[in-house]
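Inside the fold
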Amino acid sequence: MTKIVVLGAGISGHTAASHLRRKLSKKHEVLVVSPNSNYQWIPSNIWVGIGRMNREDTVFPLEPLYKRKGIGFIQAKVVTFHPEGDSDEEMPFVMVEYTSGDKKGRQGKVTYDFLINATGPKLAFDMTEGLLPGTNKAYSVCTYDHAEHAWAGLKALIEKLKSSDERAKILIGTGHPKATCQGAAFEYILNVEKELVRYGVRNKVDITWLSNEYLLGDFGMDGMLLTYGKEVMKSSEMVEMVFTDRNIRWIAGAGITKVEEGKAHYENLAGEYKTEEFDFAMLIPAFSGHGFKAYDKGNKDITEKLFKGFMVVDADYTPRPYEEWTVQDWPETYQNPSYPNIFAPGIAFAPPHSISKPRKSKNGTDIFPSPPRTGMPSGITAKLVADNIIDSVKHGKISLHHKGSMGNMGAACIASAGYGAFQGNGISMTTFPIVPDYKKYSKTGGRDIQKTFGDIGLAGHWVKLSLHYAFLYKAKMKPFWWLIPE
Amino acid sequence: MTHLISKAEKAKMQNPFIQFFKFVWLNIKIIGIVGHGHGGTRK
Ligand SMILES: Cc1cc2nc3c(=O)[nH]c(=O)nc-3n(C[C@H](O)[C@H](O)[C@H](O)COP(=O)(O)OP(=O)(O)OC[C@H]3O[C@@H](n4cnc5c(N)ncnc54)[C@H](O)[C@@H]3O)c2cc1C
């Protein structure tokens with residue numbers, strides 16, 4: 001019997017656990033450890049944040065599903081890693097702290113044969129002074145709770161504008177000089193704009209985009225050259241076109257360092273310190289590792305073997321200048337080099353470097369996006385990790401046959417640009433590969449131009465809505481769920 | 001110079017009939033791009 005422990009039940013943890021359970025016989029144990037009792041389809045938080053969906057539309061409880069499917073579940077958070085066991089425990093284990101029930105607050109050891117760390121990011125609001133969702137008029141949509149608060153804040157502002165002649169300022173973007181997830185903020189600003197039109201108050205609001213991207217449309221992926229209809233266009237031009245059309249002002253190359261009541265203080269690449277005022281803001285925080293510690297059998301700290309902020313995997317972490325980065329730096333199997341039975345798919349793995357070109361302000365502050373790992377690569381990497389573990393269990397030795405580098409993987413980003421069966425809008429973008437391969441595709445900005453395209457229209461909204469239903473169907477492991485690709 | 005979305009383009013973007021065909025085309029195209037081809041990059 002083999003015991004596989006999955007830490008985290010987000011897109012990657014839940015994907016890995018469901019594939020493991022489907023393909024491994026019941027004599028092997030699959031156990032999920034996650035602090036939250038619910039699964040949440042994070043991409044639809046955008047619509048919770050504009051009041052067009054309720055949290056109930058985007059979440060479901062994990063325990064009943066796992067019970068039915070034969071997946072173990074512990075509602076707890078991992079605190080420390082012990083990949084060699086300790087003086088009392090022969091088996092490798094993780095120390096967890098229970099987050100609900102009678103055992104809440106107590107700690108316990110969870111042993112494993114294989115470990116999948118799919119704990120995603122820590123939403124590091126603490127890295128920006130004064131940035132805390134729901135305070136200082138600034139909000140987040142990173143969790144369903146945050147998104148609900150954001151909608152309450154936005155709704156109050158809309159009500160105020162409807163009943164007065166006042167004007168208001170809305171600021172949306174990144175809340176830290178090295179934040180990622182620009183795509184989510186991009187979707188939110190377009191949805192907010194559309195809702196303001198619907199409520200008849202758009203003409204009373206100045207909307208501003210503020211982000212750490214050097215150019216619009218960088219999305220932490222160094223931008224893209226894409227086909228748009230019959231034209232070839234830069235993603236910066238496409239986003240500029242959309243913002244101009246929606247009368248959205250933008251500030252690029254800006255890193256927010258402090259938030260006060262209705263004020264965002266930022267530094268730009270020119271080294272200027274400026275302030276942007278707002279009545280409502282949604283700012284994506286920095287994503288960091290969880291700060292886990294690891295210990296060997298003798299209780300010696302071996303954290304650096306497992307973590308570089310996020311978990312160390314088969315990437316090439318040798319520091320090199322941007323010009324020397326290659327797609328080969330990016331991991332293929334997400335296996336920890338020191339402990340071959342530990343893997344980290346999704347956001348949990350430490351990237352070798354950013355994808356966007358690193359830039360410093362005149363004062364030496366790093367202002368550029370960290371690399372995103374969106375839902376699709378999170379699902380794909382989780383599935384390939386599960387497949388390698390399944391092979392390893394079946395063959396009795398570590399097998400790494402399944403590979404998936406972000407330098408050889410396509411992704412689709414369907415950015416919602418407004419909700420509504422016929423009034424909705426979506427900006428569909430695909431890119432191949434996610435990490436640009438400047439050698440292979442030297443003339444087209446590192447991407448295969450046949451597979452990197454953009455499209456705008458109602459169909460994009462329908463695609464995004466279909467994905468919401470399809471991925472929740474898949475996550476609920478309903479009949480033939482596994483036929484829906486990651 | 002910034003590209004602008006013309007009124008005619010906007011009408012096409014919101015036309016349910018045209019967009020239905022776009023929807024089918026988008027799904028096929030997206031699955032073609034993301035559905036296969038992920039592998040390693042090293043020898
Ligand atoms: C608002 C928003 C919109 C987005 N929209 C899109 C989109 O349209 N398309 C797209 O592809 N991607 C989108 N993304 C990105 C996508 O949500 C992420 O790529 C994806 O959630 C990453 O999956 P993950 O499993 O690695 O991490 P997560 O989804 O963050 O899951 C991490 C899991 O680990 C658990 N965990 C945390 N700490 C611990 C601990 N100590 N011990 C055990 N478990 C722990 C968490 O509770 C959670 O269950 C969006 C993100 C945001 C924030």
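Starting from 1, residues in each chain are numbered consecutively following that chain's sequence as written. All chains are assigned letters beginning at A, and all ligands numbers beginning at 1, according to the order in which they are written. pLDDT decides what is reported in this predicted model: residues at 70 or higher carry local features, side-chain atom pairs at 80 or more are listed and counted, and totals for whole chains, interfaces and linings draw on all residues regardless. Note that water and hydrogens are dropped before the side-chain values are worked out from all heavy atoms of the structure.

Chain A has the name Sulfide-quinone oxidoreductase in an unreviewed UniProt entry, where Algoriphagus antarcticus is given as its organism.

Secondary structure is summarised from DSSP: a helix means a run of H or I of at least four residues, a strand means a run of E of at least two, and numbering begins at the N terminus for each. A count of helical and extended segments in chain A gives nine helices and 27 strands. Note on method: radius of gyration uses C-alpha positions; expected globular size equals 2.2 Å times residues raised to 0.38. Compactness check: chain A gives a C-alpha radius of gyration of 22 Å against a globular reference of 23 Å for 486 residues, within 12% of the reference. Relative accessible area decides the class of each residue, using a 1.4 Å probe on protein chains only: under 20% of the type maximum gives buried, over 50% gives exposed, and in between gives partly exposed. Put simply, chain A has 486 residues, and 62% of those count as buried. For this analysis, residues touch if any pair of their heavy atoms sits within 4.5 Å. If you take every contact in chain A between residues at least 6 apart in sequence, the share linking residues at least 24 apart comes to 68%. Computed with the Shrake-Rupley method and a 1.4 Å probe, the accessible areas treat only the protein chains shown as cover for residues. For chain A, the accessible area works out to roughly 18,800 Å², and carbon and sulfur atoms hold 51% of it. For the charge count, each Lys or Arg is scored as positive and each Asp or Glu as negative, with His and the chain ends excluded. Each charge is placed at NZ for Lys, CZ for Arg, CG for Asp and CD for Glu. In chain A, 59 side chains carry a positive charge and 53 a negative one; their mean positions are 5 Å apart.

Residues and elements named next belong to chain A. Lines are fitted to the C-alpha atoms to define the axes, a helix being fitted only along its stretch in contact, and any angle between axes, read from their N-to-C directions, falls within 0 to 180 degrees. Remark: helix α5 (residues 182–198) packs on helix α6 (residues 235–245), axes separated minimally by 11 Å, with the N-to-C direction vectors making an angle of 25°. When the axes of α5 and α6 are compared, the pair comes out roughly parallel. As α5 runs across α6, the sense of the crossing is left-handed. Contacts from Phe 186, Ile 189 and Leu 190 of α5 reach α6 at Val 239, Val 242 and Phe 243. Residues belonging to the contact of α5 with α6 are distributed by class as follows: six nonpolar, no polar and no charged. By definition in this entry, angles of less than 35 degrees are roughly parallel, angles greater than 145 are roughly antiparallel, angles of 65 to 115 are roughly perpendicular, and the rest are oblique. In a left-handed crossing the near helix is turned counterclockwise from the far helix by less than a right angle, and in a right-handed crossing that turn is clockwise. Classification convention: Asp, Glu, Lys, Arg as charged; Ala, Val, Leu, Ile, Met, Phe, Trp, Tyr, Cys, Pro as nonpolar; all other residues, Gly among them, as polar.

Our focus in this paragraph is a nonpolar patch on the surface. Exposure above 30% relative accessible area and the absence of a salt bridge qualify a residue for a patch, where like charges join within 9 Å and nonpolar side chains (Val, Leu, Ile, Met, Phe, Trp, Tyr) within 5 Å. A side-chain nitrogen of Lys or Arg and a carboxyl oxygen of Asp or Glu constitute a salt bridge if their distance falls within 4 Å. On the surface, a nonpolar cluster with roughly 620 Å² of combined accessible area is contributed by Phe 17, Ile 18, Phe 20, Phe 21, Val 24 and Ile 28 of chain B. With respect to the helices and strands, the residue Phe 21 of chain B is situated in helix α2 (residues 16–34).

Let us look at the sheet that holds strand β17 (residues 263–268) of chain A. All names here are of chain A. The strand order β16-β17-β18 describes an open sheet built from three strands, whose pairing is antiparallel. If you trace the sheet from one side to the other, it starts and ends with β16 (254–260) and β18 (273–277), each paired once. Here the average twist between neighbouring strands, direction ignored, is 30°. Strands are labelled as partners when DSSP assigns at least two bridges between them. Where β16 and β17 come together, six bridges link them in antiparallel fashion. Across the sheet, the residue bridging to Ile 256 is Tyr 266, located in β17.

The next thing to look at is the side chain of Ser 34 of chain A. All names here are of chain A. With respect to the helices, strands and loops of the structure, Ser 34 is situated in strand β2 (residues 29–34). Residue Ser 34 is classed as buried on the basis of its relative accessible area, which comes to 6%. Pairs of N or O atoms are called polar contacts if they sit within 3.5 Å, as long as, within protein, a hydrogen donor faces a hydrogen acceptor (for residues adjacent in sequence, only side-chain-to-side-chain pairs). Within the structure, the side chain of Ser 34 is placed 3.4 Å from the backbone nitrogen of Ala 9, a separation counted as a polar contact.

Moving on, we get to helix α9 (residues 458–475) of chain A. Residues and elements named next belong to chain A. To estimate the expected span of a helix, subtract one from its residue number and multiply by 1.5 Å. Here α9 spans 26 Å end to end across 18 residues, near enough to the 26 Å set by a 1.5 Å rise per residue. Burial within α9 is extensive, with 13 of its 18 residues counted as buried. Immediately beyond the C-terminal end of α9, within one or two residues, lies Met 477, with a positive phi of roughly 55°.

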